[in-house]
Amino acid sequence: MKKTVLSLFSSLKLTIGLLIIIALASVLGTIIPQQYEGGESFRHLSPGLIRAFKSLQLVDMYHSVWFVILMGLLSLNLIVCSLNRFPTSWRLFRKIPSLDRGKPFENLSPDNVLVIERKRNEAIERVENLLRRRYKRVRRRETASTTSFYGEKGAYSHFGVYIIHASILIVIAGAIIGSLFGFDAFVNIPEGESTNVVSLRRQKGIKELDFTVRCDRFSIAYYENGMPKEYRSNLSFLKNNKAIYQGPLLVNHPVTFNGIRFYQASYGSVPGGQAYITIQKGDGQETAVTVKLGDSFYLREKDAKVTIGRIEEDLMSMGPAVLLNIQSSDGNMRLWVFKEIEKIRKGIPELLKKVPKFDPGLFKPYYFKLHKIENKYYTGLQLSHDPGVSSVAVGSFLIIPGLIITFFSSHRRLWVRLDEQEGKTRVLVSATSNRDPVGLKREIERLLKLLKKAGGVV
Amino acid sequence: MIINATILSWVTFVYFASAMFYTFRMVTGKEFWGPLGSFVALVGLIAQTLALILRWVESYKLGIGHAPLSNLYESLIFFAWTIVLLYLIIEWRIKTRNLGAFVVPFAFLAMAYASFSPHVSNRIQPLIPALQSNWLISHVVTCFFGYAAFTIACGLGLMYLLKGLGEGQSSRPFLRYLPDREILDELSYQSVVIGFIFLTLGIITGSVWAYSAWGSYWSWDPKETWSLITWLIYAAMLHSRFVRGWRGKRMAIMSIIGFASVLFTYFGVNYLPGLHSYF
Ligand code: HEM
């Protein structure tokens, strides 16, 4: 029993099976809408289907029990397999095969045989020098009629696979640490306000930080074509009402405070902005007022009270506008005053006739002009604390040398035998490699050339 | 129309011509067409490189300078560029023109889609804040080298299967020009290895970017998930070769499945719920 479980987990069939199952499961996860993407995509589904998805844990699949089990099996598979195999690789790495084996030279291709016009004892040194320069752990053994050499290179190539597999385990470990001990949260802070309470994303609920974050200012810069260029929050981090750190937060430039990383994630506007309005009377006299939402002012001539109902940064894509609620003896009237009224009028000439409440001169004898609104923003911050990141980083970094060693190096073992024939020396060259037979062949050709040269020079 | 886009739409035809010359060589068996195909492909590559540099310079003139790697149009162009570059390097290294007819058409298709699809805008746009990152550039570059290598592996897989169909009818010049199956298999494997390493780098640089822009190195969004799926498919493929010794037809089929997954990661993902949102 123990044996079969072990052999199951050390089998590569299981690996390939798991890789494919995880791939298929991930496909499913990209087709079935996932919970954290918001309810939006659930709308077209029938309630029964949603219930079925929920009970199979398909709506937050990548965190479901069964997906975690799959990843666990994969890790176990990797660990068992590696432990199982490692002693063999270690032996291959350490062991120096016996030097005078005949086997490498059986069925040797005639291309791998060379005759040097020298006595053996003269040739030995030259061959040995050459081999020592190009190979590691070069050994030599003499018998009465032959000299045998052994050399190798790239023995470390046996470990590439372990580096890859270990780095994958390190990444998985980092992901586990992150999901157990880390959190993701978000918070919206209006300009000028501060908070120490944030909403947790996955665990739901709230979290109290042991410091306070204040948004001093939020601003957006635009390109000429109107696309956003920069979102910037000026933040202060406070402890006991003292600012410990102040600085800007931009997209792609997170700020870390107390082990928590802050990201610029979104923004919006909140009530509390200001509008600059001027009021022209029929006689050309102009009065300027600065108002906030809910503020009122009086127009004495008509005994009217004007209250600011709304301040909009962009109303119906026609730019900034304010809503005036006008109460007078004539009755109540609502008037939208646009900043860009001249442009709007040019664009849609009959608009003011059709929608009289857009006419800034509707409440005679007054004419309202909106000069500017100053929005009050809130900044949307994403917070994250992930103690697993360094592990993930180490794993991701290690996998690259692992891949390079695995794919671009090979353990090449070389046997060279010299024997004397009628005053000349015959050189036999044989080699094996755990990978890349083409590269090995090229290397032998090069070596034979060098041997010929080394042997020929007097 | 902007000058770089004009050059690039001409390059589309240049690659088409090159693909045709490589194909003529196979069909007619006349060696003459081969060097012509290579020459034309090289001309196209040089013109495309110049156009990319022009586009880069132009973006600085507009005051919104950034590497031309930021939208679908630019990524398609870069995809074609990496395919031709890698292909010409391989042609030069292994000294055979037999792959051209199966690889260069992919570059042509990418260019044609970029230049002539009404859904792909060739305007130089400024970078929104989320895209203003050097990690993004390394992400795009590594991913597309990976994709290009997988494209070549897929072309080789197709050649392998085609060669298999014609087994025993070696008199057809078309099939005779295909390299031996062992060579195709080996080349395809090597392309997959290159692609796999670049894809791994691409996923890593992508997560570094996500980590600095969104606060999470991995959030299972469809694009990320599909790149992982692609990675898993090729990992399964490499394991079956390494440990179980699978060769030949199965590998050819796997390289085509893997490429389908690459294409889905690149294009198909846009049709799924949830998105790689850019703030
Ligand atoms: C995704 C997670 C991975 C898992 C679960 C995994 C698992 C395994 C397992 C179980 C074996 C079989 C060992 C044996 O038969 O003794 C194996 C072998 C191997 N794996 Fe992986 N592997 C993974 C990723 C990778 C990656 C990314 C590569 C590189 C492309 C890789 C390269 C290899 C190689 C080269 C071998 C053969 C070792 C040999 O023949 O000595 N593995 N892997």
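Residues numbered from 1 in each chain as written. Chains lettered and ligands numbered in written order. Predicted model: local features only at pLDDT ≥ 70, side-chain atom pairs only at ≥ 80, totals over all residues. Heavy atoms only, no water.

1. Remarks on the overall build of chain B
Working step 1: When you go through chain B residue by residue, the secondary structure sums to nine helices and zero strands.
Working step 2: Secondary structure elements of chain B occur, N-terminal to C-terminal, as α-α-α-α-α-α-α-α-α.
Working step 3: Its C-alpha atoms give chain B a radius of gyration of 19 Å, near enough to 19 Å, the size a compact globule of 279 residues would have.
Working step 4: Overall, chain B is about 60 × 45 × 30 Å in size when its C-alpha atoms are taken along their principal axes.
Working step 5: Counting across all 279 residues of chain B, residues that qualify as buried make up 58%.
Working step 6: Per element, the accessible surface of chain B, about 11,800 Å² overall, is 70% carbon and sulfur.
Working step 7: Computing the positive centroid from 18 side-chain charges and the negative centroid from 11, chain B places the two 5 Å apart. (Helix = DSSP H or I, 4+ residues; strand = E, 2+ residues; numbered from the N terminus. Rg over C-alpha atoms; globule rule 2.2 N^0.38 Å. Buried < 20%, exposed > 50% of the residue type's maximum accessible area, 1.4 Å probe, protein only. Areas by Shrake-Rupley, 256 points an atom, 1.4 Å probe, with all protein chains shown as cover. Lys, Arg positive; Asp, Glu negative; His and termini not counted. Charge placed at Lys NZ, Arg CZ, Asp CG, Glu CD.)

2. Regarding the pairing of strand β3 (residues 146-153) of chain A
Side chains on a regular strand alternate between the two faces of the sheet.
Residues and elements named next belong to chain A.
Working step 1: For β3, the tally of buried residues reaches seven of eight residues, placing the bulk of the element in the interior.
Working step 2: In this structure, strand β2 (residues 136-142) lies alongside β3, joined through five bridges in antiparallel fashion. Considered in β3, the bridge of K136 is made with E152.
Working step 3: Counted along the chain from β2 to the antiparallel partner β3, the turn is three residues long.
Working step 4: In terms of strand pairing, β3 meets strand β17 (residues 412-421) through eight bridges, oriented antiparallel. Looking at the pairing, K153 lines up with R412 of β17. (Pairing = 2+ DSSP bridges.)

3. Observations regarding the packing of aromatic side chains
Working step 1: Applying the stated criterion across every chain yields a total of 49 aromatic pairs over all chains.
Working step 2: Centroid distance F144 of chain B to Y266 of chain B: 5.1 Å. Interplanar angle 75°. Geometry classified as edge-to-face. Taken together, the residues F144 of chain B in helix α5 (residues 134-165) and Y266 of chain B in helix α9 (residues 249-266) connect sequence positions 122 residues apart. Each member of the pair, F144 of chain B as well as Y266 of chain B, carries the same accessibility label: buried.
Working step 3: Directly above the aromatic system of Y135 of chain A lies the positively charged group of K153 of chain A, at a separation of 4.9 Å from the ring centroid.
Working step 4: Lying over the aromatic face of Y189 of chain B, R241 of chain B brings its terminal NZ or CZ to 4.2 Å of the ring centre. (Phe/Tyr/Trp six-rings, centres within 6.5 Å; stacked < 30°, edge-to-face > 60°. Lys NZ or Arg CZ within 6 Å of the ring centre and 35° of its normal.)

4. Some words on the coordination of the iron atom of the ligand
Working step 1: The protein atoms donating to the iron atom of the ligand are H165 of chain A (NE2) and H239 of chain B (NE2), with metal-donor distances spanning 1.9 to 2.0 Å.
Working step 2: On the basis of relative accessibility, which here comes to 16%, the residue H165 of chain A falls in the buried class. (Donors = N, O, S within 2.8 Å, 3.2 Å for Na, K, Ca; no water.)

5. Here's the deal with the site of the ligand
Working step 1: Around the ligand there are 21 residues in total, and T15, C81, R85 and H165 of chain A together with H239 of chain B lie nearest to it.
Working step 2: Around the ligand, the neighbouring residues derive from chains A and B rather than from a single chain.
Working step 3: Of the residues belonging to the shell around the ligand, the class tally is 15 nonpolar, five polar and one charged. (Near = heavy atom within 4 Å. Nonpolar A, V, L, I, M, F, W, Y, C, P; charged D, E, K, R; others polar.)

6. A few points about the layout of surface pockets
Working step 1: By volume, the second largest pocket is sized at about 290 Å³.
Working step 2: Along its surface, the second largest pocket is lined by 14 residues, and E224 and N225 of chain A together with L62, I64 and P126 of chain B are the ones closest to its centre.
Working step 3: Along the lines of polarity and charge, the residues of the lining of the second largest pocket split into seven nonpolar, three polar and four charged. (1 Å grid on protein atoms, 1.4 Å probe; cavity = no way out; pocket = protein on both sides within 12 Å on 5 of 7 lines; lining within 4 Å. Points joined across faces, edges and corners; volume = space filled by probe spheres on them.)

7. Brief notes about unusual backbone geometry
Residues and elements named next belong to chain A.
Working step 1: Following K364, the chain continues into P365 via a peptide bond in cis, with omega recorded as 0°.
Working step 2: Mapped onto the fold, P365 is located in the loop between α8 (351-354) and β16 (367-385).
Working step 3: Even without a glycine there, the phi angle at N240 is positive, about 50°.
Working step 4: Locating N240 in the fold gives a position in the loop between β7 (228-239) and β8 (242-250).
Working step 5: Phi angles above zero are rare outside glycine, and N258 is one such case at about 55°.
Working step 6: Among the structural elements, N258 can be located in the loop between β9 (255-257) and β10 (260-280).
Working step 7: Owing to a relative accessible area of 43%, N258 belongs among the partly exposed residues under this scheme.

8. Side note on the domain arrangement of chain A
Working step 1: Considered domain by domain, chain A is made up of domain 1 (2-92), domain 2 (96-154 + 410-454), domain 3 (179-269 + 378-397) and domain 4 (272-376).
Working step 2: Between the C-alpha centres of domain 1 of chain A and domain 3 of chain A the distance comes to 32 Å. (Domains from an automatic or database assignment.)

9. Brief notes about helix α4 (residues 100-116) of chain B
Working step 1: Under the 1.5 Å per step criterion, the end-to-end length of α4 of chain B is 23 Å for 17 residues, consistent within 8% with the ideal 24 Å.
Working step 2: With 13 of its 17 residues buried, α4 of chain B lies for the most part within the structure. (Expected span 1.5 Å × (residues − 1).)

10. Quick notes on the pattern of salt bridges
All names here are of chain A.
Working step 1: Under the definition given, this model contains 24 salt bridges over all chains.
Working step 2: One salt bridge connects E142 with R140, and the closest N-O pair in it is separated by 3.0 Å.
Working step 3: The class of R140 is partly exposed, set by a relative accessible area of 41%.
Working step 4: With its nearest N and O atoms 3.2 Å apart, the salt bridge here joins K302 to D330. (Salt bridge = Lys/Arg side-chain N within 4 Å of Asp/Glu carboxyl O.)

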